[in-house]
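Take a look at the letters that make up each chain.
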Amino acid sequence: MLKSVFQDTHVQSLMIQERSCVYNILINLMESRQQELKGLGSDFVFGFVQSMDGERDPRNLLLAFQIAQKIIVGGYEMGKFTEELFEVTSCYFPIDFTPPPNDPHGITQEDLILSLRAVLTGTPLFAEFLMPLIIEKLDSDVQSAKVDSLQTLAACGPVYGHKELSQFLSGLWSSLRREVFQTSSERVEAAALSALTSLTACLSRSIITSDSDDALHTLLQLVLTDCQHHLLEPDLKLVWPSAKILQAVAGASYRAHLRVGTAVMPLLLEQYINRTQSTQRRTLLEVLQGFVQPSEASRPAEGEECVLLPFQSSLCSVVFSALTETGAGLQITATRILSALGQQTGVLTPHDVELAVDHLTTLILQEDDPQVSGAVVECCGSLAPRHPAAFTSRMLPKLKECIFTERMVQGDSVAPAELGSHNAVRQRCVTALARVACERSLVQESSPVLLDVLTAAHTGRDSFSVDEVISVCHSLQRIAEHAPHMEAEIGQFFHDVIIPRLLGLAVQAVVQDEGSCGRSPLAEEAVLSVVAPVISSSCSRLNADCAASSASRVVSLFLHGDVAFLPPTNIPLLKTPFLQVSQLVCLLTACVCSLPQSVEIPEIDRLLEELEEVSCTHTHSFTHTSAAKCYAGLINKRPSGPALDTALERSVKRASAELDNSASCLRTQALTLLLWVTKGLLLRYHPLSSALTDKLFSLLSDRSLGPLVADGFALLMSDSPDVLNRGCHADVRIMYRQLFFSENSAKLVQGFNSAPPEEKAGYLKALSHIMNNLPRQVQLTELPALLPLFLEALSCPDGGVQLSTLSCLQPVLLDPPAPLTNQMEALIPRLLTLTTSPAMKVRIAALRCIHSLSRLPDHMMLPFRARVLRALAAPLDDKKRLVRKEAVQARGEWFLLGSPGR
């Protein structure tokens, strides 16, 4: 068979499909008759070389490259035909291929590049031919050729050895140095640095013997000779290319890091001390940062000493000096270097850690620049897990003292600016407390301080504003989300301390507010809305025992008023359960709806009845919505059975009765409950969800509730941050959105077609909300069938419909399906009209859609260019800066439409 193919057939004289058959024959033989083919020796390689020589079809080239790779990887004997195999494949390097429009085969330039690269870099035997070729191609003026060559060189590193590369080091270094020093493209520069790192890593694996030179030493000497002296002139432009090269080399291996660090570190430290200008010092410090942070490859192995140890004292001196400077850039860079030093074993002594913590504390208390304070807080977060004792003893007491420092508020003794400055310091202290609480002892020290702030705000002992209380709650939530809850001790701490104190403060604040005994910040709806996520995050991470205990305590609190587990507080006795107290239901929701599904909720039937009553009768929107959420969260997790069916039948019957009574004043409450119950059942694929969805569809024609029902479909399809999400252990099935759409899209279209004109807007809004929350691939698939409705939605006078539709269209327009491209004559005028909409968000969304259209092929968009440019002149003078910004970007792209080289 092979004789007929190789000797009796001139493969390249065949048609494309016949040549493809030949290549597939070879591939099948290599997979099924490998030993027999290897028995042919190098004759098989020679026959293949003759067969593919001159191949030009990209489909067949992929097959040919696949065969060549199999020859290399499979260990076929190439013998004297090694160079021929290289020549017959490397003649295509670098790949220059542009697929034709609407190519049905889907072959891309990247496919060919990767296939050829796997061949050229597959064996060290090609090194003597490939290295000169790469050096030659790097002289090209074509950027893509440079990048391909550099990426191919980088791919050689893991395969080639120092023997194959050592004779080409000088030429390779000259080419790589030029591409970094003289490049005008960041892409080429990045590829050159990556290739240099790969080359250095390859040479670092070389074994030094008495009869061989150290190729790594040779390369590093070349690099240091050409780059090191540029670091002496931080004002000149070559300092950064040199630094990048040295850092790329040092990051390749521990050996390279040791050699480069020994040569460069003393130079940079000495330069920093001798220089006095802030800009020069900042440049030197930023260069130093690249050498202090080790890469994964350059980290010392077990038994090896850290590269930075010999310079430990000088490094700490420079960093601490920079932290005390007035320049923000110096301080920010110093915090990053300090973070890097703290991550490496043995570099910071206990005394250095204490000094570092003191410096960071001072910056938190005194530095007003938000960028500096943010960098300081991040540094604290990286150092605290490794050095918790220093933060506990030296930073936390000072932060606590600052937070509770009394402000002089008598008369006019404090200027507003000074008052604002004190508030900013408090805010930084609170943020720092949350950031360092990433270890058990720090959590146990930081959290009580934040809880004390809430206590002081509640009692009025200190004048904490509502915004400050909200900030403290956000910090507590961060601790709850990031604390190491896998430790039983931390979970027990949240169960015993944080949750009871939060509940006690909130319950006391709301109950007192109900009795008009003075208003506490914790009774504010905005504060309760951020207290609830703290409790939810804490409960969702409790172990099984603590979770069961929390469920029992919380249910007893809300149903029976049992406050025994709360800290000692003056909570007045109430005649009604706490569950019926306005606003407190959100705390119950946070507790019971965030527990794992395995946790049994005590007295759940009575709890559901009470929640149903509150959700259907309470006039306070925040309260009845929280009750509906809690009801849906419990229903979602409850096992199927008669008890669940009874509860659902009762609640749905009650909600439907209110909704069907047009004179009822509780219809909004009933609709809210119906929406949340539908969502809870939809997520778990409960059969009743379909009937409830049909009920919602029927309400779209209701004159008073129709707009609310249409917006409710956004609730059904979107992720809920506080309940019915996977973080709260809800029963959420995969692809529930797609299932909902497939079951209901036809009903929506039918309802739209049969609805009178004044009711069509509700159907359009519901449809756009549903489509907006579908995965993009589903949108692309379903959009063609619904396109007439979307075009109708853009003409709808309802701003909500317009905005939702535009939000759905904008990502689709980046790569529109064919039916949409055929509707540009109808789409573009509608979009242009919306650029002058009264609603700013609609104007911005329309401009973004028009901007996306400019990325489509020129021949499609050029007929609309003049019309679009005229229409976009008006938004350029819009009174809103954000609108003008979008208009400038969109008009600029349309102005360049059809330009050469675009």
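Bear in mind that the values here come from a model prediction, so they are computed numbers and not experimental data.

Calculation criteria
Residues numbered from 1 in each chain as written. Predicted model: local features only at pLDDT ≥ 70, side-chain atom pairs only at ≥ 80, totals over all residues. Heavy atoms only, no water. Helix = DSSP H or I, 4+ residues; strand = E, 2+ residues; numbered from the N terminus. Buried < 20%, exposed > 50% of the residue type's maximum accessible area, 1.4 Å probe, protein only. Contact = heavy atoms within 4.5 Å. Areas by Shrake-Rupley, 256 points an atom, 1.4 Å probe, with all protein chains shown as cover. Lys, Arg positive; Asp, Glu negative; His and termini not counted. Charge placed at Lys NZ, Arg CZ, Asp CG, Glu CD. Salt bridge = Lys/Arg side-chain N within 4 Å of Asp/Glu carboxyl O. Phe/Tyr/Trp six-rings, centres within 6.5 Å; stacked < 30°, edge-to-face > 60°. Lys NZ or Arg CZ within 6 Å of the ring centre and 35° of its normal. Polar contact = N/O pair within 3.5 Å; in protein donor to acceptor, adjacent residues only side chain to side chain. Patch = residues over 30% accessible without salt bridge, like charges linked within 9 Å, V, L, I, M, F, W, Y side chains within 5 Å. Expected span 1.5 Å × (residues − 1). Bend = angle between axes of the 7 residues up to and from the residue. pLDDT = per-residue confidence, 0-100. Axes fitted to C-alpha atoms, helices over the stretch in contact; angles between N-to-C directions. Parallel < 35°, antiparallel > 145°, perpendicular 65-115°, else oblique. Left-handed = near helix turned anticlockwise from the far one by under 90°. Nonpolar A, V, L, I, M, F, W, Y, C, P; charged D, E, K, R; others polar. Disulfide = S-S within 2.5 Å.

What to know about the overall build of the protein
For the protein, the helix and strand inventory stands at 44 helices and zero strands. Overall, the protein is about 100 × 75 × 60 Å in size when its C-alpha atoms are taken along their principal axes. The proportion of buried residues among the 902 residues of the protein is 53%. When contacts within the protein are restricted to residue pairs at least 6 apart in sequence, long-range pairs at least 24 apart make up 73% of them. As displayed, the protein has an accessible area near 39,500 Å², and 53% of this comes from carbon and sulfur atoms. Where the 75 positive side-chain charges of the protein centre and where its 95 negative ones centre are 4 Å apart.

Structural notes on the pattern of salt bridges
Following the criterion strictly, the structure yields 34 salt bridges and no others. A salt bridge links R299 to E296; the shortest N-O distance between them is 3.7 Å. With relative accessibility at 37%, the residue R299 sits in the partly exposed group. The salt bridge involving R428 is made with D368; its shortest N-O contact spans 3.6 Å. Note that R428 is positioned in helix α22 (residues 416-436) and D368 in the loop between α19 (350-366) and α20 (370-383), a separation of 60 residues in sequence.

Side note on the packing of aromatic side chains
For the coordinates displayed, the defined rule picks out ten aromatic pairs. Summarising the aromatic geometry, the rings of F493 and F494 are spaced 6.3 Å apart at their centres and angled 90° between planes, so their arrangement reads as edge-to-face. Given the relative accessible area of 12%, F493 is considered buried. Given the relative accessible area of 1%, F494 is considered buried. A ring pair is formed by F697 and F713, whose centres lie 5.3 Å apart and whose planes are at 15°; its orientation type is stacked. With a gap of 16 residues between them, F697 in helix α33 (residues 688-699) and F713 in helix α34 (residues 706-717) connect regions that are remote in the sequence. Here F697 and F713 have matching classes, each one buried. Following the ring pairs from residue to residue traces out a cluster consisting of F6, F44 and Y76. Positioned above the aromatic ring of F752 is the side chain of K760, whose terminal nitrogen or guanidinium carbon lies 4.3 Å from the ring centre. For R865, the ring lying beneath its charged end belongs to F895, and the centroid distance is 5.6 Å.

Focus: the side chain of S185
Locating S185 in the fold gives a position in the loop between α11 (169-181) and α12 (186-204). A distance of 3.1 Å separates polar atoms of two side chains, one belonging to S185 and the other to Q143. From its side chain, S185 meets the backbone nitrogen of V188 in a polar contact 3.3 Å long.

Observations concerning a negative patch on the surface
Side chains of E83, E84, E87 and E128 sit close together on the surface and give a patch of like negative charge. It is helix α6 (residues 82-90) that provides the largest number of residues to the negative patch, a total of three residues. Within the element layout of this structure, E83 appears in helix α6.

Let's talk about a nonpolar patch on the surface
A grouping of Y685, I734, M735 and L739 is seen on the molecular surface, where their side chains present a nonpolar patch of about 390 Å² in accessible area. Position of L739 relative to the elements: it lies in helix α35 (residues 736-754). The class of L739 is partly exposed, set by a relative accessible area of 30%.

Side note on the environment of I535
Within the fold, I535 resides in helix α26 (residues 525-540). A C-alpha to C-alpha distance of 9.3 Å links I535 and L476, two positions 59 residues apart in sequence. Setting aside residues no more than four positions away along its own chain, I535 makes contact with L502, L503, L587, A590 and C591.

Structural notes on helix α15 (residues 254-274)
Helix length check: α15 (21 residues) gives 29 Å between terminal C-alpha atoms against 30 Å at 1.5 Å per residue, within 8%. At G261, α15 shows its largest kink, close to 35°.

Here's the deal with unusual backbone geometry
Put simply, F93 and P94 share a cis peptide bond, and its omega is -10°. Relative to the elements of secondary structure, P94 occurs in the loop between α6 and α7 (109-120). A positive phi angle, near 65°, is found at Y685, a position not held by glycine. Located in the positive-phi region is L724, a residue other than glycine, with phi close to 55°. With respect to the helices, strands and loops of the structure, L724 is situated in the loop between α34 and α35.

Here we look at the environment of F46
If you trace the backbone, F46 turns up in helix α4 (residues 42-52). Residues F46 and F81, spaced 35 residues apart in sequence, show a C-alpha to C-alpha distance of 6.3 Å.

What about the confidence of the model for the protein?
Overall, the predicted model of the protein reaches an average pLDDT of 86, with 94% of residues at or above 70. Summarising per-element confidence for the protein, the mean pLDDT is lowest in helix α39 (residues 818-821) (75) and highest in helix α32 (residues 667-683) (94).

Some points on the environment of A434
Relative to the assigned elements, A434 resides in helix α22. Discounting chain neighbours no more than four positions away, the residues touching A434 are S475, R478 and I479.

Structural notes on the packing of helix α8 (residues 127-137) against helix α9 (residues 143-156)
The geometry of α8 relative to α9 is characterised by a closest axis approach of 9 Å and an angle of 150° between their N-to-C directions. As the angle between them shows, α8 and α9 are arranged roughly antiparallel. α8 and α9 meet at a crossing whose hand is left-handed. Contacts between α8 and α9 pair L130, M131, I134 and K137 from the former with S149, T152, L153 and C156 from the latter. When its residues are assigned to classes, the contact of α8 with α9 shows five nonpolar, two polar and one charged.

Considering the packing of α11 against α12
Where α11 meets α12, the axes come as close as 8 Å, and the angle between the chain directions of the two elements is 150°. By the criterion of interaxial angle, the relationship of α11 to α12 is roughly antiparallel. In the crossing of α11 with α12, the sense of the turn from one axis to the other is left-handed. Residues L169, L172, W173, L176, E179 and V180 of α11 touch α12, and the partners they reach there are V188, E189, A192, L193, A195, L196, L199 and L203.

Brief notes about the state of the cysteines
Scanning the entire structure with this criterion turns up zero disulfides. C616 forms no disulfide, and the closest cysteine sulfur to it belongs to C665, at a distance of 12 Å. Under the relative-accessibility criterion, C616 is labelled buried at 1%.

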